[in-house]
Amino acid sequence: MRTFQVLMLTLCLVGGLHLLLQAPEFFLPDRWDPAFGRQFDATASRVLGGGLLAMAAMALIFLRHHFYAEVRRLPGAAMQKIYFGLVLMALGLITLAFNLADLVPNPDRAPSASIQR
């Protein structure tokens, strides 16, 4: 389980830094209908990178207090407030990124497809 958690921490950290610093434009297909999806521009990409970095910070706090501490104990009230703030920030930034991304037809499909939602 620790290996999986460290892998997810690394993916959030590397992916978040890449999106925040490089700001690539990319298309993310819809889960249920791949003919449509979200087109992330530079701004939405940077916001999504910030959300991933907030998730990486939460993972660091979790791993520090639960697995790599000499004595397992609950974090103090200040650290719990910081963790809660990071949870709210990650949720807000990821939601904002998806709201900033435009709903467009899949560019790999035929150009005659139109949005019918």
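Along each chain, the written sequence defines residue order, and numbers are assigned to residues from 1. It should be noted that, the model being predicted, local features are given only for residues of pLDDT at least 70 and side-chain atom pairs only at 80 or more, the latter also being counted only at that level, while totals for whole chains, interfaces and linings use all residues. Computation of side-chain values covers all heavy atoms of the structure but excludes hydrogens and water.

1. Focus: the UniProt feature "transmembrane region" (unreviewed entry) in the protein
- Annotation from UniProt places "transmembrane region" (unreviewed entry) at residues 46-63 and 83-101.
- This span, residues 46-63, is 100% helix and 0% strand, and a straight line between its end C-alpha atoms measures 26 Å.
- Secondary structure across residues 83-101 comprises 95% helix and 0% strand; the distance between its end C-alpha atoms is 27 Å. UniProt positions are given in the numbering used here, feature names are shortened, and annotations may be inferred rather than shown by experiment. The numbering of helices and of strands both runs from the N terminus, where a helix is a DSSP run of H or I of at least 4 residues and a strand a run of E of at least 2.

2. Overview of helix α1 (residues 2-22)
- Take the residue count of a helix, subtract one, and multiply by 1.5 Å to get its expected span. With 21 residues, α1 ought to run about 30 Å at 1.5 Å a step, and its terminal C-alpha atoms sit 30 Å apart, in line with that.
- Working definition: with a 1.4 Å probe on protein chains only, accessible area under 20% of the residue-type maximum means buried, over 50% means exposed, and in between means partly exposed. Within the span of α1, buried status applies to Q5, L9, C12, G16 and L19. Each buried residue of α1 lies within a common arc of 115° when the element is viewed along its axis, so the set occupies one face. Turned more than 90 degrees away from the buried face of α1 sit T3, L11, V14, L21 and Q22, all of them exposed.
- On its buried side, α1 packs onto β1 (26-29) and α2 (42-66).
- A positive backbone phi angle near 50° is found at A23, which sits one or two residues after α1. To obtain the arc, one takes the directions from the helix axis to the C-beta atoms. Contacts are assigned to residue pairs with any non-hydrogen atoms lying within 4.5 Å of each other.

3. A short note on the nonpolar core
- Nonpolar cores are built from buried Ala, Val, Leu, Ile, Met, Phe, Trp, Tyr and Cys residues. Side-chain atoms within 4.5 Å join them into one set. Counting residues in each nonpolar core, the largest one holds seven residues, listed as L19, F40, A44, V47, L48, A97 and A101.
- Sequence-distant contacts of V47, defined by excluding residues within four places in its chain, comprise L93, L96, A97 and L100.
- Counting residues in each nonpolar core, the second largest holds five residues, with A54, M58, L86 and A90 among its members.

4. Topic: the pairing of strand β2 (residues 36-40)
- A pair of strands is considered paired only if DSSP assigns at least 2 bridges between the two. Where β1 lies against β2, four bridges are found, and the strand directions are antiparallel. Bridging across to β2, L28 finds its partner in R38.
- From the end of β1 to the start of β2, which pair antiparallel, there are six residues.
- The sheet contact formed by β2 and strand β3 (residues 102-105) spans four bridges and is antiparallel. Counterpart to F36 in the pairing with β3 is P105.

5. Examining a nonpolar patch on the surface
- The patches described consist of residues with a relative accessible area above 30% and no salt bridge, like charges being joined within 9 Å and nonpolar side chains (Val, Leu, Ile, Met, Phe, Trp, Tyr) within 5 Å. Per-residue and other accessible areas were derived by the Shrake-Rupley procedure at a 1.4 Å probe size, with only the shown protein chains allowed to occlude residues. Each reported salt bridge corresponds to a side-chain nitrogen of Lys or Arg within 4 Å of a carboxyl oxygen of Asp or Glu. On the surface, a cluster of nonpolar side chains totalling about 550 Å² of accessible area is made up of M1, F4, L7, M8 and L11.
- Position of M1 relative to the elements: it lies in the segment before α1.
- Note on M1: relative accessible area 70%, which makes it exposed.

6. So, the environment of L88
- You can see L88 is positioned in helix α3 (residues 77-100).
- Classification of L88 as partly exposed rests on a relative accessible area of 47%.
- On a C-alpha basis, the gap between L88 and A54 in space is 9.3 Å, while along the polypeptide they are 34 residues apart.

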